[in-house]
Amino acid sequence: MGFVPFFALPVMQVELDLDLEKLTEFAFQMQNKDKKGVEVSNIGGWQSDNVSEEKHEEFIKLKKEISQYLQKYHLEVFRGVKFKENVMQNCDNMWVNINEKHHYNEWHIHPGSTLSGVYYIKHDNSNENGNILFKNSIGSYKVSSEIVTINPKSNML
């Protein structure tokens, strides 16, 4: 007898060593460029459009870190999966969320994405309402826990 871990997909957590003040400055620069922002998954708060081409020095460092960890994840988690030769992960869409008390992002998916992630510039660890929740997309079938909670930290990818 054997068991098959259906739909098991690990979540990578990495604490980065980036300048949080400079990244906070970047986030507010993006908000000042587009005060209205976009409304996609945010309830309250502010959300930017795609910022992946921005040239802020510390943001470029963040993109480099993300790219490195995307490749590590790809190599470790998808080891044994037969991709076409030289397939690599790339990050083609990034945005900024600025949430204050009682603001949040509702359940959503990222269609067309193999992987998605979040980086926390600043996070209030004393507030469990700021946790990130992952919901099992097959819901009531209970292959595993329906909701997994992660309590993020500042500077965490």
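Residues numbered from 1 in each chain as written. Predicted model: local features only at pLDDT ≥ 70, side-chain atom pairs only at ≥ 80, totals over all residues. Heavy atoms only, no water.

## Considerations on the side chain of N42
Keep this limit in mind: Only runs of H or I of at least four residues qualify as helices and only runs of E of at least two qualify as strands under DSSP, and these elements are numbered from the N terminus. Per-residue accessibility, obtained with a 1.4 Å probe over protein chains only, is compared with the maximum for each type, and a residue is labelled buried under 20%, exposed over 50%, and partly exposed between these values. N or O atoms within 3.5 Å of each other form a polar contact, as long as, within protein, one can give a hydrogen and the other can take it, and as long as residues adjacent in sequence are counted only when both atoms are side-chain atoms. Contact between two residues is taken to exist if any of their heavy atoms lie within 4.5 Å; hydrogens are not considered.
Inspection of the secondary structure puts N42 in strand 1 (residues 42–43). N42 gets classed as buried once you look at its relative accessible area, which sits at 11%. In terms of polar contacts, N42 uses its side chain to reach the backbone amide nitrogen of V40, at 3.1 Å. Contacts of N42, omitting those with residues within four sequence positions, involve Q47, Y104 and N105.

## Regarding the pattern of salt bridges
Applicable threshold: In what follows, salt bridge is the name for a side-chain nitrogen of Lys or Arg lying within 4 Å of a carboxyl oxygen of Asp or Glu.
Enumeration over the complete set of coordinates arrives at two salt bridges. Where E54 meets K33, a salt bridge forms, and the shortest distance between an N and an O atom there is 2.9 Å. You can see E54 sitting in the loop between strand 2 (46–47) and helix 2 (57–77) and its partner K33 sitting in helix 1 (residues 20–33), a full 21 residues away along the chain. The shortest N-O distance in the salt bridge between K61 and E58 comes to 3.3 Å. Taken as a pair, K61 and E58 lie in helix 2 at a separation of three residues, close to a single helical turn. Given the relative accessible area of 3%, E58 is considered buried.

## Considerations on helix 2
Put simply, the test is: Each helix should span, by expectation, one fewer than its residue count multiplied by 1.5 Å.
The terminal C-alpha atoms of helix 2, which comprises 21 residues, lie 30 Å apart, in line with the 30 Å expected from a rise of 1.5 Å per residue. Among the residues making up helix 2, those that are buried are E58, F59, L62, I66, Y69, L70, Q71, Y73 and H74. The inward-facing, buried residues of helix 2 abut helix 1.

## Observations regarding a nonpolar patch on the surface
For the record, the criterion: Think of a patch as exposed residues, more than 30% relative accessible area, with no salt bridge, where like charges cluster within 9 Å and nonpolar side chains (Val, Leu, Ile, Met, Phe, Trp, Tyr) cluster within 5 Å. Using a 1.4 Å probe, the Shrake-Rupley method yields the accessible areas, and only the shown protein chains count as cover for residues.
A cluster of nonpolar side chains, namely V11, F134 and V148, defines an oily patch on the protein surface of about 240 Å² accessible area. Considering the arrangement of structural elements, one finds V148 in strand 6 (residues 147–150). For V148, a relative accessible area of 42% translates into the label partly exposed.

## Looking at the packing of helix 1 against helix 2
Counted only if it meets this: Note on definitions: angles span 0 to 180 degrees between N-to-C directions of axes, and those axes are lines fitted to C-alpha atoms, for helices only across the stretch in contact. An angle below 35 degrees is treated as roughly parallel, one above 145 as roughly antiparallel, one from 65 to 115 as roughly perpendicular, and anything else as oblique. The classification used treats Ala, Val, Leu, Ile, Met, Phe, Trp, Tyr, Cys and Pro as nonpolar, Asp, Glu, Lys and Arg as charged, and all other residues, Gly among them, as polar.
The geometry of helix 1 relative to helix 2 is characterised by a closest axis approach of 8 Å and an angle of 105° between their N-to-C directions. Classified by the angle between their axes, helix 1 and helix 2 sit roughly perpendicular to one another. Facing K22, L23 and F26 of helix 1, the residues of helix 2 in contact are E57, E58, F59 and L62. Per-class residue counts for the contact of helix 1 with helix 2 are four nonpolar, no polar and three charged.

## Points about the packing of aromatic side chains
The test is simple: In this scheme Phe, Tyr and Trp rings, the latter by its six-membered ring, pair at centre separations within 6.5 Å, and the angle between planes marks the pair as stacked below 30 degrees, edge-to-face above 60, and tilted otherwise. For a lysine, the NZ atom is tested; for an arginine, the CZ atom; a charge sits over a ring if that atom is within 6 Å of the ring centre and within 35 degrees of the ring normal.
If you walk through the whole model with that rule in mind, you get one aromatic pair. For the ring pair F26 and F59, a centre distance of 4.4 Å and an interplane angle of 15° mean the geometry is stacked. Of this pair, F26 sits in helix 1 while F59 sits in helix 2, and the two are 33 residues apart along the sequence. Lying over the aromatic face of W107, K135 brings its terminal NZ or CZ to 5.1 Å of the ring centre.

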